[in-house]
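Listed below are the residues making up each chain.
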Amino acid sequence: CIQQSAEKIVSCVESLKQVLHLSSSDEATIQDVTCMLNQASTQASKVTSDDETFELPFFAYDQLFALFGSLLLPLFVPLLKNLKVELKRVKDKRTEKHKKEKVS
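All residue numbers refer to positions counted from 1 along the written sequence of the respective chain. Owing to the predicted nature of the model, reporting of local features is limited to residues with pLDDT of at least 70; listing and counting of side-chain atom pairs is limited to 80 or more, with chain, interface and lining totals taken over all residues. The side-chain quantities take in all heavy atoms of the structure and omit both hydrogens and water.

Colleague: Help me get a handle on the environment of Thr-42, residues and values and all.
Modeller: Comment: elements are numbered from the N terminus, with helices defined as DSSP H or I runs of at least four residues and strands as E runs of at least two. Tracing the backbone through its elements, the reader meets Thr-42 in helix H2 (residues 30–48). Residues Thr-42 and Lys-8 lie 34 residues apart in sequence; the distance between their C-alpha atoms is 9.8 Å. Side-chain atoms alone can form a polar contact between residues adjacent in sequence; in general such a contact is a pair of N or O atoms within 3.5 Å, and within protein one must be able to donate a hydrogen while the other accepts it. Within the structure, Thr-42 has its side chain in polar contact with the backbone oxygen of Asn-38 (distance 2.8 Å).

Okay, here's the thing in structure tokens:
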């Protein structure tokens, strides 16, 4: 499989070399150059989507939680504390307003 990936890379590089050569010549048309660039792009995307060559990293959920939890917990604790204080303030203000309406 590594041999196939290497062949794809070589094919992509060869296509790019042909594009460079073709674009510097006078008989090149934009359609020819675009076609060769599309071929090179397709070959490059085949290499990058190869799972064995570029294996994706795996993180267990407990590791992700430990990492992001330690970063986000110091942000959320003051936020939740202040949210609780603000909700209490709004509730007290609302009850105070209702008491004034009942009195008048």
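Colleague: Got a sec to walk through the pattern of salt bridges? Specific residues and values, please.
Modeller: The working definition used for a salt bridge is a side-chain nitrogen of Lys or Arg within 4 Å of a carboxyl oxygen of Asp or Glu. Under the criterion given, the structure shown has 2 salt bridges. Glu-14 serves as the salt-bridge partner of Lys-17, at 3.8 Å between the closest nitrogen and oxygen. Here Glu-14 and Lys-17 lie together in helix H1 (residues 2–24), a separation of 3 residues that amounts to about one turn. Relative accessibility thresholds used throughout: buried, under 20% of the residue-type maximum; exposed, over 50%; partly exposed, between the two (1.4 Å probe, protein chains only). Using a relative accessible area of 49% as the deciding quantity, one classes Lys-17 as partly exposed. Here Arg-89 and Glu-86 are joined by a salt bridge, their closest N and O atoms 2.4 Å apart. Here the residue Arg-89 and the residue Glu-86 both occupy positions in helix H3 (residues 61–103), the gap between them amounting to 3 residues, near one helical turn.

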